[in-house]
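Descriptive structure summary
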Amino acid sequence: MSPTTTPPPAKRTRRGEGQWALGYREPLNPNERSKKDDNPLNVRARIENIYAHGGFASIDPGDLRGRFRWYGLYTQRKPGIDGGRTATLEPEELDDEYFMLRVRTDGGAVSTEQLRVLGELSQTYARDTADITDRQNIQYHWIRIEDMPEIWRRLEGAGMTTMEACGDSPRVVLGSPLAGIAVNEVIDGTPAIEEILRRFIGKPEFANLPRKFKSAVSGLPDIAHEIHDVAFVGVVHPEHGPGFDVWVGGGLSTNPMIAQRLGAWVPLEEVADVYGAVISVFRDYGYRRLRARARIKFLVKDWGAAKFREVMEEKYLGRKLLDGPAPEVPAQPVDHIGVHKQKDGLYYVGAAPIAGRVSGSILVEIAKAAERAGSRRVRFTPQQKLVVLDVPEAEVDALRADLAAQGLQVDASPWRRGVMACTGIEFCKLAIVETKARAHNLVAELETRLKDITDGITAPISVHINGCPNSCARIQTADIGLKGQIVTDDEGRQVEGFQVHLGGGLGLDAGFGKKLRGHKVVASELPDYVERVVRAYVDERAPDERFAQ
Ligand code: SF4
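Because the structure is predicted, anything quoted here is derived from the model rather than measured.

Calculation criteria
Residues numbered from 1 in each chain as written. Predicted model: local features only at pLDDT ≥ 70, side-chain atom pairs only at ≥ 80, totals over all residues. Helix = DSSP H or I, 4+ residues; strand = E, 2+ residues; numbered from the N terminus. Rg over C-alpha atoms; globule rule 2.2 N^0.38 Å. Buried ≥ 20, exposed ≤ 12 C-beta atoms within 10 Å, placed from the backbone. Contact = placed C-beta atoms within 7 Å. Pairing = 2+ DSSP bridges. Axes fitted to C-alpha atoms, helices over the stretch in contact; angles between N-to-C directions. Near = placed C-beta within 6 Å. Nonpolar A, V, L, I, M, F, W, Y, C, P; charged D, E, K, R; others polar. Parallel < 35°, antiparallel > 145°, perpendicular 65-115°, else oblique. Left-handed = near helix turned anticlockwise from the far one by under 90°.

Looking only at helices and strands, the protein features 16 helices and 21 strands. Computed over its C-alpha atoms, the radius of gyration of the protein comes to 23 Å, within 12% of the 24 Å expected for a compact globule of 549 residues. Considering only C-alpha atoms, the protein reaches an extent of 75 × 65 × 65 Å along its principal axes. Counting every position in the protein, which comprises 549 residues, the buried fraction comes to 52%. Put simply, of all contacts in the protein between residues at least 6 apart along the chain, 69% involve residues at least 24 apart.

Below is the structure:
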């Protein structure tokens, strides 16, 4: 070797990351220990038999901050603790004695009868709170543990559940809000979602995953398939007809990754098999040592799509999948708002609450209004909106007026359509800033300030507001993404504000928004900032140029 040659780096033996399939069955952190000590699904019996009688003080801490999630329960934030203290307090100092509760509504699909039950439960047990989340769920606040047995009894009596609404489990399966009715749908994914629920939800063998598992099945490219752990998107195979293209390993949060295509085409009746293979690979080979590396995206990144597919096929499916084409990508993101014809000649009516905030009373009124209009079906959307299906043409205007009376606009401004917000400091223990009220204020301000240019905005400009560095409101995929943090204002005070990410998008423009170094906005100046950015875009854009370009 010449003296100038650099020696090859010594081979590093990679430390195991807690993959079960490689023999690491002993828990490597407290979360893994908790799941091994007792299957989280067992916590339901303790809630019904012990905690509902003994009250908050009787709850085992391991259940309270861990296993409760498998039934959609999180402690909510104690009121009055400012965001600057979030990181400095112990979990028990942040815990209120009330809970957030997520109800699992897969595909966002509910009947009007179910919607009425959801609303009435909120009126009785949740101080009339209800948010439509971007996972197509309903989220309540102010829930008491004493009321959970009755809440479950009524939810389950109406065919709904909170099982695996959260936790390291197969969570709600997203689906197109237009499944089965859209004129341009490739295929209706509903039977596949039902089969997934039947085979994989509430099953002990799939209830201890390395981390959460987010999935989607849609015959339309309208469910953000690029950011799911696994997603099935409608596509027509040139020989075999309509089926699904499979994507794995997407996710946001602190290491955002766009999912990778497996290049496989799957017919409707095999979607659940493939879902089972993906979730099994994740369970057995997923990284369990560090929570921050435990999502499936890290495994897919390390292996690549080809190896992932090969392991699925050889070890779990026992057969090769067919190769298939990529799905068509819409020119604009689909948001389901407005009045549109269904393939059966009826209409669907999409309406926009601001950032998903409704109430139990509003849900009850929507159920009544939908029924008056002849509908029995409502769907929640991944953009925190809702759609009433199956409306005869003659009933559309009356429904539009009924929804508007509840603050839900069918002819919504681009801002009302494009703004999303996570739970934020009002209820979330991880939050640093307020989000929902700010979203409300922002929409009102933009609707007034930008009236003069609204007609020229052909697609909603998305503004997503997060209360902390997590990405529950998908900030990296927004035109304008706002990550809550404490910032310094002009007078040197520490105040609520946002780190800005600009130009994110999915579909044609799939990519994450750019974090602009030093680009931070004081929360009170948010409307000024967004107005400036939007006006600059409108003034300088080329014809047909989208924001993300
Ligand atoms: Fe809470 Fe942060 Fe998620 Fe918002 S983004 S809901 S503040 S964890």
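On we go.
Next up on the list: the sheet that holds strand 6 (residues 170-175). Read from one edge of the open sheet, 6 strands run 6-7-8-9-10-11, paired in mixed fashion. Each edge of the open sheet carries a strand with a single partner, namely strand 6 and strand 11 (322-323). Looking at chain direction, strand 6 and strand 7 (residues 213-218) are connected through 4 bridges and run parallel. If you follow G175 over to strand 7, its bridge partner there is V217. Sheet strands touched by helix 8 (residues 271-285): strand 6, strand 7, strand 8 (230-237), strand 9 (241-248) and strand 10 (260-266). Its angle to strand 7, the strand with the most contacts, is close to 160°.

Moving on, we come to the site of the ligand. Surveying the vicinity of the ligand reveals the residues C422, T423, G424, C428, L430, A431, N466, G467, C468, N470 and C472. A per-class count over the shell around the ligand returns 6 nonpolar, 5 polar and no charged.

Once that is clear, we can look at the pairing of strand 8. For strand 8, the buried fraction is high: 6 of the 8 residues fall into the buried class. In the sheet, strand 7 pairs with strand 8 via 4 bridges, with the strands oriented parallel. Bridging across to strand 8, V217 finds its partner in F232. Here strand 8 runs beside strand 9; their pairing, made up of 8 bridges, is antiparallel.

Attention now goes to the sheet that holds strand 3 (residues 109-111). Sheet architecture is open: 5 strands sit in the order 3-15-16-13-12, paired in antiparallel fashion. With one partner strand each, in any of the chains shown, strand 3 and strand 12 (338-341) form the two edges of the open sheet. Neighbour to neighbour, the strand axes of the sheet diverge by 25° on average, direction disregarded. Across 3 bridges, the pairing between strand 3 and strand 15 (residues 377-380) is antiparallel. When the bridges of strand 15 are listed, A109 appears paired with R379. Relative to the sheet, helix 5 (residues 112-125) contacts strand 3 and strand 15, its axis offset from that of strand 3 by approximately 90°.

Before going further, it helps to examine unusual backbone geometry. One non-glycine residue with positive phi stands out, namely H336, at about 70°. Position of H336 among the secondary structure elements: in the loop between strand 11 and strand 12. Its 26 C-beta neighbours within 10 Å are what place H336 among the buried residues. Phi at D390 is positive, roughly 65°, even though this residue is not glycine.

Attention shifts here to the packing of helix 5 against helix 6 (residues 148-157). Relative orientation of the contacting elements helix 5 and helix 6 amounts to 170°, with a least axis distance of 10 Å. Comparing their axes, helix 6 and helix 5 come out roughly antiparallel. Read as a crossing pair, helix 5 and helix 6 show a hand that is right-handed. Side by side, helix 5 and helix 6 meet where V117, L121 and Y125 of the first sit next to I151, R154 and L155 of the second. Residues that form the contact of helix 5 with helix 6 fall into these classes: 5 nonpolar, no polar and 1 charged.

The subject of this paragraph is the pairing of strand 5 (residues 138-143). Most of strand 5 is tucked away, with 5 of its 6 residues classed as buried. Bridge count between strand 2 (residues 95-103) and strand 5: 4 bridges; the pairing is antiparallel. Counterpart to R102 in the pairing with strand 5 is Q139. Pairing geometry for strand 4 (residues 129-132) and strand 5, over 2 bridges, is antiparallel. Following the sheet pairing, I132 is matched in strand 5 by I138. Count of turn residues in the strand 4/strand 5 antiparallel hairpin: 5 residues, of which Q136 carries a positive phi of about 65°.

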